[in-house]
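# Overview (structure and organization)
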Amino acid sequence: MKSAPWWKEATIYQIYPRSFFDSNGDGEGDLPGVTSQLDYVKSLGVDAIWLSPFYTSPNKDGGYDVANPRDVDPRFGNLEDAKELIAQAHQRNLRVIADIVPNHFSDQHEWFQAALKAGRGSKERERFHFYDANEDGTPPNNWISLFGGPSWTQVTDGQFYLHLFDSSQPDLNWENPEVNADFEKTLRFWIDLGVDGFRIDVAHGLIKEDVLTNHSDPQGLSNALRLDVAMDSEVRNALLLTVPYFDRQGVHEIYRKWRKLFDSYGEREIMAVAEAWVHPPVNATRYVRADELHQVFNFDLLTAEFDSRVLFDVVERSISLNATVNALPTWALSNHDSPRVASRIGEEQARALALFVFGLPGSAYVFAGQELGLPDGQLQDSDRQDPTFFRTNGQIKGRDGARVPLPWSGNTTPFGFSTGKPWLPISQSWRDLTVESELADPKSSLHLYRNALELRKEFLVGAGGITWLESCNHGSKGDSLLSYTRGGVTVVMNLSDSANECDADGRLLIVSGGTVDARDGKKVIPARSTAWFLT
Ligand code: GLC
Ligand code: CA
């Protein structure tokens, strides 16, 4: 029998290159820096790395504003460095996933520069969404950018162009076949250079509908799309059904074409994972139908409360929805766009949740620094770089906190990340969170991740579905404990602030914090902790 493809239940480590390791002292991480730390990455027990963009870019949005998708930005190195990184990763049996950004280019891309010059009605403008102003001079519609402010910017001849994100990120017109042809060229370019897969940025955004129609509640919609704006869930869900620029049917045609391209590389098993924020949740499964992409991110755990009912629902729903298209879910607790999990739900809770998730079927994504238990960096407004901060006049702080560089070694900031001044300051309070210091402490988060990922491989990958356990004292959906069995392993998470008994069988494999005692033949699970037992 053919073994499962490599990505099926892979653990994938997300590297934000600018924040990982600086090889040349300019204060910014780079590709040679990543290469130099691949032994560390390998030692975590992950199967692949996903690199956030390192392409030529003016870096207005952390490199998600791409000026040349087939070259490396000098701040990160050059194409030879990329090749070397891929080769070194492969030598260690680590796969490499590149980030592709098809929704928009940077305004510095030669296509956009040509469109500005060529003027209205030109072929060059048809690669983007250029329209005339309304008669009263206002933009073609009232959409609000996801980074705040209008979605339209006017050029000198009076036309407006659409940008769902920053004004430096003009959206591409995917109705124009030239756009797809160029992206297929880019996909092949990186596959030929050796990458094993792609993370597709804003995969749900490529096709727009009703571009000349106003939305009935643009501000409501803008709030509904923001994870940091609280809103009644019914109101939010109703608004999310009305997004004219997300999750249109046409996007699936694009991924069907791409799938054929990936499959044409046969045994290389090229994979792709979609960043698709869609509603209702069942729509996400469309991206992973057999003839489309391989995985779609499940973002529920980036916002879910540390509550057994909530987590039960998320896990159950994700597994069962994916099963309808014969796919496995993905799990992510943190990424470069959201608050770090240790800050959001607490350090111990973050460890417990990670261990809970590593037992589940599907692929687990780990954002670099998560294994160290890093919190969000504390930043001054003067340090901030996220365009969201500027486009909302500082009202929304943005995502820089999750992007503070990693602390590696030593006792003083910047902890070996760079010999220069890091692009975002690293707090002296991270002294005990460096790789070096956690390696020396067997109880550290780093050791927990390494041990858990090893055990995951040994006992859980490929072990099939889960069975929720009703037998622990509060039942599967109770308020304190949430537990399941998978393969021969029983996973019990205690979400409460006190220790709880549970009659799980088997010998203890690992616990995320504290010690598991035995009492009257039962196991006592420490507060805010997860344990695995092997029967
Ligand atoms: C995705 C990226 C995010 C970026 C945005 C625009 O959501 O993850 O970092 O700002 O796309 O490209
Ligand atoms: Ca550097």
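No experiment lies behind these values; they were computed from the predicted model shown.

Residues histidine 279 and proline 280 are joined by a peptide bond in cis, for which omega reads -5 degrees. Assignment of secondary structure puts proline 280 in the loop between β10 (271-274) and β11 (295-296). With an omega of 10 degrees, the peptide bond running from threonine 413 to proline 414 counts as cis. Mapped onto the elements of the fold, proline 414 is located in the loop between α12 (387-391) and α13 (435-439). The backbone of aspartate 210 shows a phi angle near 55 degrees, a positive value even though the residue is not glycine. Position of aspartate 210 relative to the elements: it lies in the loop between β9 (197-200) and α6 (218-224). Positive phi, close to 60 degrees, is recorded for aspartate 247, a residue that is not glycine. Within the secondary structure, aspartate 247 is located in the loop between α7 (233-240) and α8 (250-263).

Counting residues in each nonpolar core, the largest one holds 142 residues, and the members touching the most others are Tyr13, Phe20, Phe198, Tyr255, Trp258, Phe262 and Trp532. If you tally residues by element for this core, the top one is helix α11 (residues 347-358), at eight residues. Phenylalanine 262 has contacts with Leu187, Ile191, Phe198, Ile270, Ala272, Leu293 and His294, leaving out every residue within four places of it along the chain.

Glancing now at the coordination of the calcium ion (ligand 2). Within the protein, the calcium ion (ligand 2) binds to Asp22 (OD), Asn24 (OD1), Asp26 (OD), Glu28 (O) and Asp30 (OD); these donor distances fall in the range 2.2 to 2.4 Å. Donor residues for the calcium ion (ligand 2) sit on one chain with the sequence pattern D-x1-N-x1-D-x1-E-x1-D. Residue classification places aspartate 22 among the buried residues on the basis of a relative accessible area of 5%. Owing to a relative accessible area of 39%, aspartate 26 belongs among the partly exposed residues under this scheme.

Let us now look at the confidence of the model for the protein. Looking at the protein as a whole, its pLDDT mean stands at 96, while 98% of the residues score no less than 70. Per-element averaging of pLDDT across the protein places strand β19 (residues 517-519) at the bottom with 89 and strand β1 (residues 11-15) at the top with 99.

With that settled, consider the site of ligand 1. Within the structure, ligand 1 sits among 14 residues, and Asp61, Asp201, Glu275, His336 and Asp337 are positioned closest to it. Measuring from an oxygen atom of ligand 1, one finds a side-chain N or O atom of aspartate 201 at 2.8 Å. At 2.9 Å from an oxygen atom of ligand 1 is found a side-chain nitrogen or oxygen belonging to arginine 399.

Moving on, we come to the sheet that holds strand β7 (residues 152-154). If you walk across this open sheet you meet the three strands as β6-β8-β7, and the pairing is antiparallel. The strands lining the two open edges of the sheet, one partner per strand, are β6 (130-131) and β7. Summarising the sheet, β6 and strand β8 (residues 160-162) pair through two bridges and their orientation is antiparallel. If you follow tyrosine 131 over to β8, its bridge partner there is phenylalanine 160.

Along strand β16 (residues 489-494), six of the six residues are buried, which leaves the element largely enclosed by surrounding structure. Side-chain alternation along β16 places Val489, Val491 and Met493 on one buried face and Thr490, Val492 and Asn494 on a second face that is also buried. What sits between the antiparallel neighbours strand β15 (residues 481-486) and β16 is a turn of two residues, in which glycine 487 has the positive phi angle 55 degrees. Relative to strand β21 (residues 529-534), β16 is paired through six bridges, and the arrangement is antiparallel. By the bridge assignment, asparagine 494 is partnered in β21 with serine 529.

It is worth spelling out the pattern of salt bridges at this point. Applying the stated criterion to the full structure yields 32 salt bridges. In this structure, arginine 403 engages aspartate 337 in a salt bridge whose closest nitrogen and oxygen atoms are separated by 3.1 Å. Here the residue arginine 403 occupies a position in the loop between α12 and α13, and aspartate 337 occupies one in the loop between β12 (330-332) and α10 (341-345), the gap between them amounting to 66 residues. Its relative accessible area of 3% is what places arginine 403 among the buried residues. Of the residues examined, aspartate 337 reaches a relative accessible area of 23% and is grouped as partly exposed. It is possible to trace a salt-bridge network through shared partners that takes in Asp61, Asp337, Asp386, Arg399 and Arg403.

The next point concerns α7. Within the span of α7, buried status applies to Arg236, Leu239 and Leu240. With its buried residues spanning 100 degrees around the axis, α7 presents them on a single face. On its buried side, α7 packs onto α6. The distance from a side-chain oxygen at the start of α7 to the backbone nitrogen of glutamate 234 is 3.1 Å, and the residue carrying that oxygen is aspartate 232.

Thresholds applied
Residues numbered from 1 in each chain as written. Chains lettered and ligands numbered in written order. Predicted model: local features only at pLDDT ≥ 70, side-chain atom pairs only at ≥ 80, totals over all residues. Heavy atoms only, no water. Helix = DSSP H or I, 4+ residues; strand = E, 2+ residues; numbered from the N terminus. Core = buried A, V, L, I, M, F, W, Y, C linked by side-chain atoms within 4.5 Å. Buried < 20%, exposed > 50% of the residue type's maximum accessible area, 1.4 Å probe, protein only. Contact = heavy atoms within 4.5 Å. Donors = N, O, S within 2.8 Å, 3.2 Å for Na, K, Ca; no water. pLDDT = per-residue confidence, 0-100. Near = heavy atom within 4 Å. Polar contact = N/O pair within 3.5 Å; in protein donor to acceptor, adjacent residues only side chain to side chain. Pairing = 2+ DSSP bridges. Salt bridge = Lys/Arg side-chain N within 4 Å of Asp/Glu carboxyl O. Arc of directions from axis to C-beta.

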